[in-house]
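Chain and residue survey
Here is what each chain is made of, one letter per residue.
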Amino acid sequence: MQDNKIQKVVVVGGGTAGWMSAALLCRIAGKGLDIELVESEQIGTVGVGEATIPQIRYLCDALRIPEAEFLSEVNGTYKLGIEFVNWARIGDRFIHTFGDVGRRLGVLDFHQVWLRAKELGIGDDLGEYSFNAVAAYANKFAHVEKLGDTGILGLGYAFHFDATLVAKLLRKLSEANGVKRTEGKICDVNLHPESGFIESVTLESGTEITGDIFIDCSGFRSLLLGEALGVKYVDWSHWLPADSAIAVQCESVEPLTPYTRSTAHTAGWQWRIPLQNRIGNGHVYSSPYMGDDEARDILMSSLDAKAVTEPRQLRFKTGKREKFWYKNCIGLGLASGFMEPLESTSIHLVQAGIGRLIDLFPTKDFTQVDVDEYNKRTDFEFESIRDFLILHYKATERDDSDFWNYCRTMAIPDSLQYKIDLWSAHGRFYRNEDELFTTPSWIQVFIGQRIVPNDCHGMAKVLTKADATDYLERIHGYLTKAVDEMPTHREFVSKHCPMKEDG
Ligand SMILES: Cc1cc2nc3c(=O)[nH]c(=O)nc-3n(C[C@H](O)[C@H](O)[C@H](O)COP(=O)(O)OP(=O)(O)OC[C@H]3O[C@@H](n4cnc5c(N)ncnc54)[C@H](O)[C@@H]3O)c2cc1C
């Protein structure tokens, strides 16, 4: 057999994507792979990206960092879900949580019991039967795997963290495991004259860095995949029309809420991400519908406390690269696409991309079928997340601005329309294999955004008012009792993972 082993990986970029790639690859490949990361302090990183989804916990497992240690290094807090305010109508609020809702009743999913209850004119908001939502609104947190023998699952959670401290920690771990870091600005990408594969990158200093495989984590510019290899960008801004953001940090306030908040405004929405020492805020908006000054004023006038940084402007185009892996280059992070931060999915996509790359790790032959499989799976993941994000914009009744009128009436992908139709008939949802968001996620957003099915499951019809009342009250009782006994989020964090550094 030929010696066609990949010897050297070059990672271009030292943001979250670059250092996460380097840290995971060196942890998994051990000393068998030379890894060099090039970054430019002069260019810097995007510096946002502080809310995550539960898959982030696999990062701690893969890097063998205990969760508490990770959180104290990055000023981290716990996230039970995202509260959506003013999305379907002004005044609405609900939490898309990371936990299950209620408990199945025989063949019936919980939401079918709830829909039947609503038909009978009883029952509270769906969130009253979600362990995560009840804990979130009480500002409580603890590690709970299941609720005794009630059949109710425990709390699903993710993290909020300081993106700069995460990159710093990942860099420390990577360098300790042998990753070489090179500071410098890349000015040339050198391609093989016949194959078009990347042979090396040249820095402004004249240094040339060669490699067998190149991971493009260069941010929105997509220096290798987009610029050097000419892989086009697929524009999704007709479905996801936000194209700008202004980010600012402010001082902390109490209580320390264990969830992200997303508040809809007239041409977009505002995030609120509580860390141990500060709150991250940002206004995401669509520039054809709102000017930068107005967007900044809305953000600055709705902070919980005094700003501690200057507001920072960011621009983006929602979409993805036509291919994520082309020749010997894999794009990860913003270099591969960006679907906007509404459901905090970008860091997960980096992690998932590295996982797929490790699964399909090539030899120097770069077998096309493996590359195609990588692209097919990544496309599927991007498109299913895209549909979930579009749902939030489409499922609105708001008619108070041109932006919301556009979103409410826009054409949507057939794949999403089918999901909405199936749900709208009898409250049915089927998660496709490998789809990121689970059935409870979709259901919480459907109901939270007022897409209520026309009817419930045929078998739920046997439930009487007394049956449904008893069932719902029992579940709510288990949840409130459990939450009463839990510590506050602040108490939990202070005891188990107090921050090390005021970043
Ligand atoms: C407004 C906004 C909010 C977001 N919120 C979230 C969130 O809540 N959750 C989430 O999961 N994600 C979020 N994201 C996405 C998240 O920020 C990114 O996925 C993540 O930070 C990874 O960025 P990156 O490493 O790809 O790019 P960057 O951070 O931009 O890093 C690019 C790197 O490439 C280097 N580089 C570029 N050009 C050169 C060159 N010529 N030579 C040498 N080096 C070069 C830079 O120096 C830098 O180190 C958000 C993004 C935006 C825009």
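These remarks concern the structure in this document. (Residues numbered from 1 in each chain as written. Predicted model: local features only at pLDDT ≥ 70, side-chain atom pairs only at ≥ 80, totals over all residues. Heavy atoms only, no water.)

**Observations concerning the side chain of His-283**
- Within the secondary structure layout, His-283 lies in strand β16 (residues 278-285).
- According to the relative accessible area criterion, His-283 is buried, its value standing at 0%.
- Among the polar contacts listed, one links the side chain of His-283 to the backbone oxygen of Ala-295, at a separation of 3.0 Å.
- Beyond its immediate sequence surroundings of up to four residues, His-283 is in contact with Ser-244, Ala-245, Ile-246, His-265, Trp-269, Gln-270, Met-290, Ala-295, Ile-298 and Leu-299. (Helix = DSSP H or I, 4+ residues; strand = E, 2+ residues; numbered from the N terminus. Buried < 20%, exposed > 50% of the residue type's maximum accessible area, 1.4 Å probe, protein only. Polar contact = N/O pair within 3.5 Å; in protein donor to acceptor, adjacent residues only side chain to side chain. Contact = heavy atoms within 4.5 Å.)

**A word on the nonpolar core**
- In this structure, Phe-70, Leu-391 and Tyr-393 are the most contacted members of the largest nonpolar core, which totals 146 residues.
- For this core, the leading source of residues is helix α10 (residues 368-394), giving nine residues.
- Setting aside anything within four residues of it in sequence, one finds Leu-391 in contact with Leu-416, Ile-420, Trp-442, Val-445, Phe-446, Gln-449 and Ile-451. (Core = buried A, V, L, I, M, F, W, Y, C linked by side-chain atoms within 4.5 Å.)

**Quick word on the pattern of salt bridges**
- One pass over the full model with this rule turns up 35 salt bridges.
- Close ionic contact of Glu-175 with Arg-171 constitutes a salt bridge, the shortest N to O distance being 3.3 Å. Of the two residues, Glu-175 and Arg-171 are both situated in helix α6 (residues 163-176); the distance of four residues between them amounts to about one turn of the helix.
- A relative accessible area of 34% means that Glu-175 is categorised as partly exposed.
- Among the ionic pairs, Lys-419 bridges to Glu-435, the shortest N-O distance being 2.9 Å. With Lys-419 in helix α12 (residues 414-426) and Glu-435 in the loop between α12 and α13 (439-448), this residue pair connects regions lying 16 residues apart in the sequence.
- Three or more residues joined by partner-sharing salt bridges are found here, namely Glu-39, Glu-41, Arg-181 and Glu-183. (Salt bridge = Lys/Arg side-chain N within 4 Å of Asp/Glu carboxyl O.)

**Thoughts on the sheet that holds strand β10 (residues 208-210)**
- Pairing is antiparallel across the open sheet formed by three strands, whose spatial order is β8-β9-β10. Pairing within the sheet leaves two strands with one partner each, and these edge strands are β8 (186-191) and β10. The mean inter-strand angle of the sheet, taken between neighbouring strand axes irrespective of direction, is 25 degrees.
- Sheet topology note: the β8/strand β9 (residues 198-203) ladder contains five bridges and is antiparallel. The residue bridging Asp-188 from the neighbouring strand is Thr-202, located in β9. (Pairing = 2+ DSSP bridges. Axes fitted to C-alpha atoms, helices over the stretch in contact; angles between N-to-C directions.)

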